[in-house]
Amino acid sequence: MVLQKLKKSVDGKMNKEQDIIYQYTGKEQPKQKAEDPNQRVYYPYIPSEDLKEAVNLAIALERPLLLEGEPGCGKTRLAGAVVYEFTQKYLKNSENENSEQKWWDYYIWNIKSTTRARDGLYSYDAVARLRDAQLMGSGPQQLKEFLEEKEIQDLKARLKDKKKYREFGALGKALQKHSHRPILLIDEIDKADGDFANDLLLELEELRFEVPETGESFPTPENKPIIFITSNREKPLPEAFLRRCLYFFVDFPDNEQLQQIIEQRFGKQQENKQELVEQAIKRFYEIREQLENIPGSRPPGTSELIEFLTALLNKKDVKKALEDLEKLSERSPLLGTLLKTKQDQTLYSARNQK
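Residues numbered from 1 in each chain as written. Predicted model: local features only at pLDDT ≥ 70, side-chain atom pairs only at ≥ 80, totals over all residues. Heavy atoms only, no water.

A. Here's a closer look at the overall build of the protein. What the protein contains, in helices and strands, is 16 helices and eleven strands. Counting every position in the protein, which comprises 354 residues, the buried fraction comes to 46%. Long-range contacts, defined here as pairs at least 24 residues apart, represent 74% of the contacts in the protein between residues at least 6 apart. For the protein, the computed accessible surface area is about 19700 Å², with 46% contributed by carbon and sulfur atoms. (Helix = DSSP H or I, 4+ residues; strand = E, 2+ residues; numbered from the N terminus. Buried < 20%, exposed > 50% of the residue type's maximum accessible area, 1.4 Å probe, protein only. Contact = heavy atoms within 4.5 Å. Areas by Shrake-Rupley, 256 points an atom, 1.4 Å probe, with all protein chains shown as cover.)

B. Just the packing of aromatic side chains, in detail. In the structure shown here, the tally under the stated rule is 14 aromatic pairs. For the pair Tyr-42 and Trp-103, a centre-to-centre distance of 5.0 Å together with 20 degrees between the ring planes defines the contact as stacked. A residue pair is termed long-range when its members are at least 10 positions apart, and Tyr-42 in strand 2 (residues 41-42) and Trp-103 in the loop between helix 3 (75-92) and strand 4 (106-110) qualify at 61 residues. Among the residues examined, Trp-103 registers a relative accessible area of 13% and is labelled buried. Positioned over the ring face of Tyr-43 is Arg-265, at 3.4 Å from the centre of the ring. The residue whose ring lies beneath Arg-288 is Phe-252, and the NZ or CZ to ring-centre distance is 3.7 Å. (Phe/Tyr/Trp six-rings, centres within 6.5 Å; stacked < 30°, edge-to-face > 60°. Lys NZ or Arg CZ within 6 Å of the ring centre and 35° of its normal.)

C. Highlighting the packing of helix 5 (residues 126-136) against helix 7 (residues 149-160). Put simply, helix 5 and helix 7 touch, their axes get as near as 10 Å, and they point 130 degrees apart. Taken together, the axes of helix 5 and helix 7 are oblique relative to one another. The two elements helix 5 and helix 7 cross, and the hand of that crossing is left-handed. Along the contact surface, helix 5 presents Arg-129, Asp-132, Ala-133, Leu-135 and Met-136, while helix 7 presents Leu-155, Lys-156, Arg-158 and Leu-159. Its residues assigned to classes, the contact of helix 5 with helix 7 shows five nonpolar, no polar and four charged. (Axes fitted to C-alpha atoms, helices over the stretch in contact; angles between N-to-C directions. Parallel < 35°, antiparallel > 145°, perpendicular 65-115°, else oblique. Left-handed = near helix turned anticlockwise from the far one by under 90°. Nonpolar A, V, L, I, M, F, W, Y, C, P; charged D, E, K, R; others polar.)

D. View of the packing of helix 11 (residues 255-266) against helix 12 (residues 274-291). At a minimum axis separation of 13 Å, helix 11 and helix 12 run at an interaxial angle of 135 degrees. The angle between the axes of helix 11 and helix 12 places the two elements in the oblique class. The two elements helix 11 and helix 12 cross, and the hand of that crossing is right-handed. Seen from helix 11, the contacting residues are Asn-255, Leu-258, Gln-259 and Ile-262; seen from helix 12, they are Val-277, Ile-281, Phe-284 and Tyr-285. In the contact of helix 11 with helix 12, the residues fall into six nonpolar, two polar and no charged.

E. Summary view of the sheet that holds strand 7 (residues 183-187). Taken together, five strands build an open sheet; the order of strands is 4-7-10-3-11 and the sheet is parallel. The outermost strands of the open sheet, each flanked by one partner alone, are strand 4 and strand 11 (246-249). Sheet twist, expressed as the average angle between the axes of neighbouring strands with direction ignored, equals 20 degrees. Both strand 4 and strand 7 contribute to a ladder of five bridges, which runs parallel. Looking at strand 7, one finds that Tyr-107 is bridged to Leu-184. Contacting strand 3 (65-68), strand 10 (226-231) and strand 11, helix 2 (residues 49-61) crosses the sheet at an angle of about 165 degrees to strand 11. (Pairing = 2+ DSSP bridges.)

F. Representation of the environment of Leu-339 within the structure. Along the polypeptide, Leu-339 turns up in the loop between helix 15 (332-335) and helix 16 (342-352). Relative accessible area serves as the criterion here: at 1%, Leu-339 is assigned to the buried category. Linking Leu-339 and Leu-291, residues 48 residues apart in sequence, is a C-alpha distance of 10.0 Å. The contacts of Leu-339, once residues within four sequence positions are left out, are Ile-287, Leu-291, Arg-298, Pro-300, Asp-344, Gln-345 and Tyr-348.

G. Just the nonpolar core, in detail. Judged by nonpolar contacts, the single largest core of 36 residues is most densely connected at Trp-109, Leu-184, Phe-196, Phe-209, Ile-229 and Phe-241. When residues in this core are grouped by element, the largest group, three residues, is from helix 8 (residues 170-174). Not counting chain neighbours up to four residues away, the residues in contact with Trp-109 comprise Thr-115, Arg-116, Ala-117, Asp-119, Gly-120, Ala-170, Leu-171, Leu-185, Ile-186, Asp-187, Phe-196 and Leu-200. Grouped together as the second largest cluster of nonpolar side chains are 32 residues, Leu-78, Phe-86, Trp-103 and Phe-248 included. (Core = buried A, V, L, I, M, F, W, Y, C linked by side-chain atoms within 4.5 Å.)

In structure tokens:
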């Protein structure tokens, strides 16, 4: 009920151009997989009811959705699932069939330990501009010895326009004008240093930024981006940053969800291999139970299960695949799809050697 009221009344916030209030339902799914023009691959994604509500609250409140959960639980793929659904629902099924845009605008900012907050907004190549200025000052004769006339004219045009040396990052692109609300994924924010999240407070709060090198100012766009942020809790995030986000912990899927994920992902590939799938899931749960309470161990997640099943289902000989499952502790390559450290593999093998 609260969500319904928010959809109708939160400051009258809706897409004015299309008169649409965006809502994620989880009903639009690719058939096993789909690919966009940027060669990003989208797989079926089965969200819980709570997760769908969290997404829709973040959209309505225009707040970033901070997602935490164990590695492999599907945090990163959620943004892509929303992109796929919105593409199908609001672009491909819209009345504007003449639109050249075939996919929803989607920007990904993969965070590293060396990433700075400004990197997501823009980069400015001052060195390239200095080099061009030095080249231009070398004299007409020297220029003609090394450059064609068109290259000289291009050089002059670049030097007259500082914007030629500026390039937007993922966040900067998401804060440009769009005909709809673009989607931004800031992935694994906890990899950056402790000041990184604090350096983004203004941009996430007011959704605007400036480029001092060019004198440009980019105000809050009419169609604000829908922002997803993921964290593996490697480092704590500042309180001021957390206050600006909606928070959701993505639990490991229950058995029913897991069955749906497998059905959507593998489809007909499972035909005549049901016993193999059932035994693989059983072995997967056994491994999780053995490792989840051991300090330093990393139980396999959904992504590992999918790799595990892919390896098994690709085997032409089902009988041989079942034998590999039975002797999994001795099949190191196959075991490596589930357990990613030598410590966990050794622990599992020691407990299950026959």
